[in-house]
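# Descriptive structure summary
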Amino acid sequence: VVATTGNVSARPIPMNAQAARNLPTSACVSVTGSVRRSSIVPLRRSSAHEPIVAAGAAEDTDIAFVPVRGCHTRGIMSDVVVRLDEDIDKITEIFKTYYAAHPFVCVSDKPVYMKQVVNTNYCFLSLQKVGRKLLITAVIDNLTKGASGQAVQNMNLMFGLDEMEGLRLKANYF
């Protein structure tokens with residue numbers, strides 16, 4: 001899993017705790033044009049993710065999570081690669097059927113881009129397959145689809161309103 005998130009902070013990203021302690025406040029600089037990858041984080045050691053991974057795995061699964069910080073101000077793009085024997089048409093149909101009842105999830109037949117979801121409550125998914133390797137790409141606006149959009153969506157459901165009320169936002173991309 002490789003997840004790239006925007007950098008909403010103007011502070012530089014220290015390489016370790018000691019560097020962070022020694023960083024003067026005046027050292028705030030722009031990270032425009034920069035991308036930084038963190039170390040691989042094994043999800044198997046994270047108790048929060050173990051039940052999710054175990055539930056969907058037919059065999060012992062070893063997942064590595066690689067967080068990446070990009071130079072964009074908002075949005076998260078996650079890429080997941082899995083081995084699968086089924087053909088892409090069958091996999092795409094399974095995804096489209098599953099997400100058909102989810103109004104904020106769109107399974108695209110084309111590659112997805114972060115700008116398609118910025119300022120929206122949508123999650124766009126893209127599936128690509130080469131040999132036995134399936135690439136699943138998901139993009140969201142972490143500032144809208146994140147906690148704030150989810151709060152409005154949950155409130156709508158709790159009060160019996162249309163789930164999409166107040167969340168039919170248009171992306172900057174269009």
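Further up the page is the structure itself.
Here is a short report on the structure shown in this document. Just so you know, the residues in each chain are numbered from 1, in the order the chain's sequence is written. In keeping with the predicted nature of the model, local features appear solely for residues at pLDDT of at least 70, side-chain atom pairs appear and are counted solely at 80 or more, and the whole-chain, interface and lining totals rest on all residues. Only hydrogens and water are removed before side-chain values are computed, so all heavy atoms of the structure are retained for them.

## Concerning the nonpolar core
We define the nonpolar core as a collection of buried residues of types Ala, Val, Leu, Ile, Met, Phe, Trp, Tyr and Cys that are connected through side-chain atoms lying within 4.5 Å of one another. Categorising residues by exposure relies on relative accessible area from a 1.4 Å probe, with only protein chains included: less than 20% of the type maximum marks a residue as buried, more than 50% marks it as exposed, and the intermediate range marks it as partly exposed. Counting nine residues, the largest nonpolar core is built from I91, F95, V107, C123, L125, L127, L134, I136 and A138. Here a strand is any run of E in DSSP of at least two residues, a helix any run of H or I of at least four, and the numbering for each starts at the N terminus. Broken down by secondary-structure element, the contributors of at least two residues to this core are α3 (88-99), β7 (123-130) and β8 (133-140). Not counting the four nearest positions on each side in its chain, F95 is found in contact with V107, L125, L127 and I136. Here, two residues are considered to be in contact whenever any of their heavy atoms come within 4.5 Å of each other.

## Here we look at the side chain of T137
On the secondary structure map, T137 appears in strand β8. Throughout this description, a polar contact denotes any pair of N or O atoms lying within 3.5 Å of each other; where both atoms belong to protein, one of them has to be capable of donating a hydrogen while the other can accept it, and for residues adjacent in sequence the pair is counted only when both atoms sit in side chains. Among the polar contacts made by the side chain of T137, one reaches the side chain of D79 at a distance of 2.7 Å. Discounting residues that sit within four places of it in the chain, T137 has contacts with M77, S78, D79, V112, F124, L125 and S126.

## Considerations on a nonpolar patch on the surface
Like charges are joined within 9 Å and nonpolar side chains (Val, Leu, Ile, Met, Phe, Trp, Tyr) within 5 Å, but only among residues with over 30% relative accessible area and no salt bridge; these make up the patches. Areas reported as accessible are Shrake-Rupley estimates using a 1.4 Å probe. Residue values count occlusion only from the protein chains shown. In what follows, salt bridge is the name for a side-chain nitrogen of Lys or Arg lying within 4 Å of a carboxyl oxygen of Asp or Glu. A surface patch of nonpolar side chains, amounting to about 480 Å² of accessible area, comprises M155, M158, F159 and L161. Locating L161 in the fold gives a position in the segment after α4 (147-158). Residue classification places L161 among the partly exposed residues on the basis of a relative accessible area of 44%.

## Examining the pairing of strand β5 (residues 76-83)
Two strands pair if DSSP finds at least two bridges between them. Here strand β1 (residues 2-5) runs beside β5; their pairing, made up of four bridges, is antiparallel. Among the inter-strand pairings, T5 is bridged to a residue of β5, identified as I76. The pairing of β5 with β8 spans eight bridges and is classified as antiparallel. The residue bridging I76 from the neighbouring strand is I140, located in β8.

Just distances and angles here, no functional claims.
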